[in-house]
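# Summary of structural features
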Amino acid sequence: EPEVTQTPSHQVTQMGQEVILRCVPISNHLYFYWYRQILGQKVEFLVSFYNNEISEKSEIFDDQFSVERPDGSNFTLKIRSTKLEDSAMYFCASSDWSSGTEAFFGQGTRLTVV
Amino acid sequence: GIQVEQSPPDLILQEGANSTLRCNFSDSVNNLQWFHQNPWGQLINLFYIPSGTKQNGRLSATTVATERYSLLYISSSQTTDSGVYFCAVDTGRRALTFGSGTRLQVQP
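To start, this report covers the structure provided alongside it. This one's a predicted model, so the numbers in the text were calculated from it and none came from an experiment.

## Quick notes on the sheet that holds strand β8 (residues 75-79) of chain A
One key point about sheets: their strands pair by backbone hydrogen bonds, in either a parallel or an antiparallel sense. Residues and elements named next belong to chain A. Strand order in this open sheet of 4 strands is β1-β3-β8-β7, and the pairing throughout is antiparallel. Each edge of the sheet is formed by a strand with only one pairing partner; in this case those strands are β1 (5-7) and β7 (65-68). Across the sheet, the axes of successive neighbouring strands diverge by a mean angle of 20°, strand direction being ignored. Here strand β3 (residues 19-24) runs beside β8; their pairing, made up of 5 bridges, is antiparallel. Directly across from Ile20, in β8, lies its bridge partner Lys78.

## A short note on the state of the cysteines
Evaluated as defined, the whole model comprises 2 disulfides over all chains. In this model Cys23(A) forms its disulfide with Cys92(A); the gap between the sulfur atoms is 1.9 Å. Measuring the twist about the S-S bond at about -65°, one finds the Cys23(A)-Cys92(A) disulfide to be left-handed. Linking Cys23(A) in strand β3 with Cys92(A) in strand β9 (residues 88-95), this pair joins segments that are 69 residues apart in sequence. Taken individually, Cys23(A) and Cys92(A) each receive the classification buried, so the pair is uniform in this respect. Here Cys23(B) is linked by a disulfide to Cys87(B), with a sulfur-sulfur distance of 2.0 Å. Looking down the S-S bond of the Cys23(B) and Cys87(B) bridge, the torsion is -55°, so its handedness is left-handed. Residue Cys23(B) is found in strand β3 (residues 19-25), and its partner Cys87(B) is found in strand β9 (residues 83-90); the two are separated by 64 residues along the sequence.

## With respect to the packing of aromatic side chains
A complete count under the given rule lists 14 aromatic pairs over all chains for this structure. Where Phe49(A) meets Phe75(A), the ring centres are 5.2 Å apart and the plane angle is 40°; that geometry is what we call tilted. One end of the pair, Phe49(A), is in strand β5 (residues 44-50); the other, Phe75(A), is in strand β8, with 26 residues separating them in the sequence. By the burial criterion, Phe49(A) is buried, and Phe75(A) matches it. Ring centres of Phe35(B) and Phe98(B) lie 5.5 Å apart, and the angle between their planes is 25°; on these two criteria the pair is classed as stacked. Here Phe98(B) lies in strand β10 (residues 97-98) and Phe35(B) lies in strand β4 (residues 31-37), a separation of 63 residues in the sequence. Here Phe35(B) matches Phe98(B) in class, with each residue buried. Clustering of aromatic rings is evident, with ring pairs tying together Tyr33(A), Tyr35(A), Phe45(A), Phe91(A), Phe105(A), Phe35(B), Phe86(B) and Phe98(B). In this structure, Arg94(B) is placed above the aromatic ring of Tyr31(A), and the distance from its NZ or CZ to the ring centre is 3.6 Å.

Calculation rules
Residues numbered from 1 in each chain as written. Chains lettered and ligands numbered in written order. Predicted model: local features only at pLDDT ≥ 70, side-chain atom pairs only at ≥ 80, totals over all residues. Heavy atoms only, no water. Pairing = 2+ DSSP bridges. Helix = DSSP H or I, 4+ residues; strand = E, 2+ residues; numbered from the N terminus. Axes fitted to C-alpha atoms, helices over the stretch in contact; angles between N-to-C directions. Disulfide = S-S within 2.5 Å. Buried < 20%, exposed > 50% of the residue type's maximum accessible area, 1.4 Å probe, protein only. Phe/Tyr/Trp six-rings, centres within 6.5 Å; stacked < 30°, edge-to-face > 60°. Lys NZ or Arg CZ within 6 Å of the ring centre and 35° of its normal.

Laid out in structure tokens, this is it:
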């Protein structure tokens, strides 16, 4: 069964460093998303991406965040200068227009900023 | 924005028991999904159910869109059902809003 894959599964970075989280969405899906979950809290929407541009973004998705689809299979989230409060689980998801809006999530990348 | 409330926040069951989890939402939705977050943090899709009733094994879900709630039923619970159950809704923006979840613990 097709699935969304994310790498790495866990990343530790120093405060102020840039990180790139990577995702391979399901191959025939057109919409891509990033969500985050701070430990013990609910999952929060960050951004959606369609047709090579941002479709929606939340207040959390400020100038330190950016997304890119560098090639036909990968989708990335970049955090330019990490802060301690960026420590969270980051989930990538994708959905296909023809199957409604059901989103399928990857296994997550746990980001720890020290 | 839309509000999503889940109840109960915590639930402890003995293996074999049945349970009902509830999700209330404050506006019309075109997508409602139920997820199970396992102990490793993975979000597992359970149901895509903006309206109607679906069943998958011991799990079933019902969404009454006109009354803005959804129910997730777990029958004959097993220890592997433990984890957090999230309801998430979308009003058409393709941005899921998650509830705070129900933490389920099934004891042997």
